[in-house]
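Close look at the chain arrangement
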Amino acid sequence: MDDKILTNDEQKHTTTSRFICTANHGFAPYAQEELRRRFGKLKSSVLVSGEVFLVTLFEEAEQAVANIVSNPPIFLRHIQPVQLELRADADEALEQTAQYLLRQDKLYEASISLQARKAERSVAAESAGELREKLLQRLTGLNADFVVRDPEWVISVFAAEDMLYIGVSSPAENLSDWSGGAIRFQREEGQISRAKFKLLEAEQSFGIDFRSFGSALDVGAAPGGWTSFLLERGLKVTAVDPALMHESLRNHPNLRILKKNASEVRFRENEFDLLVCDMSWSPKQMVKLVKELLPSLGTGGTAIVTVKLMHKKPMALIGEVIASFEEAQMQVQRAKQLFHNRDEITLYMIKY
Ligand SMILES: C[S@@+](CC[C@H](N)C(=O)[O-])C[C@H]1O[C@@H](n2cnc3c(N)ncnc32)[C@H](O)[C@@H]1O
């Protein structure tokens, strides 16, 4: 097979475009389904089982990206354009990649994030780190500032078994400026639970300014990762959970702990401007319990809830949950499977 090089201009004049798409492990079929519903016909092949696939859309790249970015999907976590495809025969392919990139004026003296990933078996390199290093050495002529966060441009390189896929895009076009959308946070000393990462990620992904809220209700709060996050952002928090909150939180001046089931508590109308719920509970029960508590959330208030997928058909389940919240004057801003969500997604809603 010949090497195939699609320049940006050629992509504009063909009506196909190719992307490498990434979802949380096991959820790639749903990300494929989302694309199929949006674009109709497409071709898709697996690069990493359950996680990464190469898709051909019968649409121009610019239009396809605009469609995806303007209405971000739930399960598709990350996309990267494929503008150059080469047989991955070690150094020769890297040489050609570098030449291709060195021809792009916009990359000179720019801030660039060089993101390399690889399938388990790839002839291009031993590790993604090695791949990145080898390419970096060949790009010194760009005189660019290679950064990790907030770049102007992302150069994405994916080494599949015997092919190398290369694309240049802005971070927004990739749905995330993290390589593969795998957003990492540092574990802190004394961190109460890993669940805290979900709210940290929601803050970044949904662009929520938690400091703008005054008073939050945290339903299913124990052991208290989310509560501790909200306290750190300066909120007053009411935590509801029959299980024990972490001892480090027990005497916090801005925290009221109610060691109860959510069905046993009621609050004043409009008492909160934020409601969060991370109950490990069936979605139907969760929706019922949260809806009963919604009068305590003021108009314009924000709700963030995780929805367990319970091995059911996720699309249908999510549709039902959203419809049920919409009956209760909740407008869904985003539904997204965060990188830190396991068998669940996160809903970000505003009460109108
Ligand atoms: C995944 S944990 C929450 C983790 C928490 N967000 C954190 O950051 O530490 C789920 C919690 O929901 C609580 N839960 C389950 N059903 C509940 C109910 N009906 N009312 C209140 N809490 C409930 C469980 O006791 C459990 O502590």
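The notes below deal with the structure included here. Everything numeric here is computed off the predicted structure, so don't read it as measured data. (Residues numbered from 1 in each chain as written. Predicted model: local features only at pLDDT ≥ 70, side-chain atom pairs only at ≥ 80, totals over all residues. Heavy atoms only, no water.)

Moving on, we come to the site of the ligand. What surrounds the ligand is a group of 20 residues, the closest being Gly225, Trp226, Asp241, Ala262 and Asp278. Pro223 is positioned such that a nitrogen or oxygen atom in its backbone is 3.5 Å from an oxygen atom of the ligand. A distance of 3.1 Å is found between a nitrogen atom of the ligand and a side-chain nitrogen or oxygen belonging to Asn261. (Near = heavy atom within 4 Å. Polar contact = N/O pair within 3.5 Å; in protein donor to acceptor, adjacent residues only side chain to side chain.)

Turning to the environment of Ser169, a few remarks are in order. Within the element layout of this structure, Ser169 appears in strand β10 (residues 163-169). Judged by relative accessible area, Ser169 falls into the buried class, the value being 1%. Separated by 14 residues in sequence, Ser169 and Ile155 place their C-alpha atoms 6.7 Å apart. Those residues in contact with Ser169, other than ones at most four positions away along the chain, are Pro81, Glu152, Trp153, Val154 and Asn174. Within polar-contact distance, the side chain of Ser169 engages the side chain of Asn174 at 2.6 Å. (Helix = DSSP H or I, 4+ residues; strand = E, 2+ residues; numbered from the N terminus. Buried < 20%, exposed > 50% of the residue type's maximum accessible area, 1.4 Å probe, protein only. Contact = heavy atoms within 4.5 Å.)

Using the criterion set out here, one finds 19 salt bridges in the structure. Notably, a salt bridge pairs Arg268 with Glu271, separated by 3.9 Å at the nearest N-O pair. Note on Arg268: relative accessible area 59%, which makes it exposed. Ionic contacts of the salt-bridge type, sharing partners, join the residues Lys198, Asp278, Lys308 and Glu344 into one network. (Salt bridge = Lys/Arg side-chain N within 4 Å of Asp/Glu carboxyl O.)

Here we come to the packing of aromatic side chains. What the rule picks out here adds up to eight aromatic pairs. Where Tyr30 meets Phe75, the ring centres are 5.6 Å apart and the plane angle is 45°; that geometry is what we call tilted. Taken together, the residues span a long stretch of sequence, with Tyr30 in helix α2 (residues 28-39) and Phe75 in the loop between α3 (61-70) and β5 (78-81) at a distance of 45 residues. Residue Tyr30 is classed as partly exposed on the basis of its relative accessible area of 28%. Aromatic ring contacts, followed pair by pair, group Phe27, Tyr30 and Phe75 into a single cluster. It is Lys106 that lies over the ring of Trp153; its NZ or CZ is 4.5 Å from the centre. When the ring centre of Trp178 is taken as reference, the NZ or CZ atom of Arg149 above it lies at 3.6 Å. (Phe/Tyr/Trp six-rings, centres within 6.5 Å; stacked < 30°, edge-to-face > 60°. Lys NZ or Arg CZ within 6 Å of the ring centre and 35° of its normal.)

With that settled, the discussion passes to the sheet that holds strand β12 (residues 236-240). The sheet built from seven strands is open, its strands ordered β13-β12-β11-β14-β15-β17-β16 with mixed pairing. The open sheet has two free edges, formed respectively by β13 (255-258) and β16 (330-336), since each of these has just one partner strand. Across the sheet, the axes of successive neighbouring strands diverge by a mean angle of 15°, strand direction being ignored. By the bridge criterion, six bridges tie β16 to strand β17 (residues 344-351) in an arrangement that is antiparallel. Pairing of Arg334 across the sheet is with Tyr348, part of β17. Sheet contacts for helix α6 (residues 196-206): β15 (297-308), β16 and β17; angle to β16, the most-contacted strand, approximately 105°. (Pairing = 2+ DSSP bridges. Axes fitted to C-alpha atoms, helices over the stretch in contact; angles between N-to-C directions.)

Worth remembering: the numbers are spatial, not functional.
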